[in-house]
Amino acid sequence: MSATLNMILGDPVRRANLERRFWVKVDRRRPDECWPWLKPAKNGYGIFSLSSTRTTNAHRVAWALRNGPIRERTIIRHSCDNPACCNPAHLVPGTQLDNVSKGDEGVRFSKVAGPRGRR
Ligand SMILES: [Zn+2]
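Residues numbered from 1 in each chain as written. Predicted model: local features only at pLDDT ≥ 70, side-chain atom pairs only at ≥ 80, totals over all residues.

Here we come to the sheet that holds strand β1 (residues 41-42). Strands sit in the order β1-β2-β3 across an open sheet of three strands; the sheet is antiparallel. Edge positions in the sheet fall to β1 and β3 (55-57), since each has one partner strand and no second. Of the pairings in the sheet, the one linking strand β2 (residues 45-49) to β3 comprises three bridges and is antiparallel in character. Bridging from a neighbouring strand, Phe48 pairs with Thr56 of β3. Lying over the sheet, helix α3 (residues 58-67) contacts β2 and β3, oriented at roughly 70 degrees with respect to β2. (Pairing = 2+ DSSP bridges. Helix = DSSP H or I, 4+ residues; strand = E, 2+ residues; numbered from the N terminus. Contact = placed C-beta atoms within 7 Å. Axes fitted to C-alpha atoms, helices over the stretch in contact; angles between N-to-C directions.)

So, on to the confidence of the model for the chain. On average, residues of the chain carry a pLDDT of 86, and 80% of them reach 70 or more. With pLDDT under 50 throughout, residues 103-115 is counted as low confidence; its partners more than four residues away or in other chains account for three contacts. (pLDDT = per-residue confidence, 0-100.)

Along an α-helix, residues three or four positions apart point the same way, because every turn accommodates 3.6 residues. Judged by how many residues are buried, α3 sits mostly within the fold: seven of ten residues are covered. For α3, the full list of buried residues reads Ala58, His59, Arg60, Val61, Ala62, Trp63 and Ala64. Here the buried face of α3 lies against α1 (5-9), α2 (12-23), β2, β3, β4 (74-78) and β5 (91-95). (Buried ≥ 20, exposed ≤ 12 C-beta atoms within 10 Å, placed from the backbone.)

Ranked by internal contacts, the top residues of the largest apolar core, which has 16 residues, are Phe22, Val26, Ala58, Val61, Ala62 and Cys86. Counting residues per element, this core draws most heavily on α3, at five residues. Once residues lying within four places of it in the same chain are set aside, the contact partners of Ala62 are Cys86, Pro88 and Leu91. (Core = buried A, V, L, I, M, F, W, Y, C linked by C-beta atoms within 7 Å.)

This is the structure:
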């Protein structure tokens with residue numbers, strides 16, 4: 001069986017290897033810009049080969065390298081609506097349910113970022 005992303009992240013040597021292979025395929029721009037995936041994509045989403053037999057979505061790798069292993073059934077969404085984007089600052093974990101029910105993410109994100117009123 002080939003290793004999953006979380007298995008690779010748990011091994012410092014393989015993780016360092018993956019990190020090196022991964023970021024050369026991403027056009028890393030300014031922190032607030034989208035970082036486009038430069039390699040093969042499917043439906044607009046970057047495809048990254050974990051091994052000769054296993055691929056995963058590039059943006060999931062980008063998020064996991066910054067934040068750690070992705071829990072089962074967690075999906076990683078784009079706050080920027082750009083499927084090819086691999087900027088961890090534009091990636092947010094959620095569930096399939098969130099994705100369906102929350103609708104316009106732009107609106108929701110501006111609310112999250114707003115000031116917290118406290119008396
Ligand atoms: Zn983006």
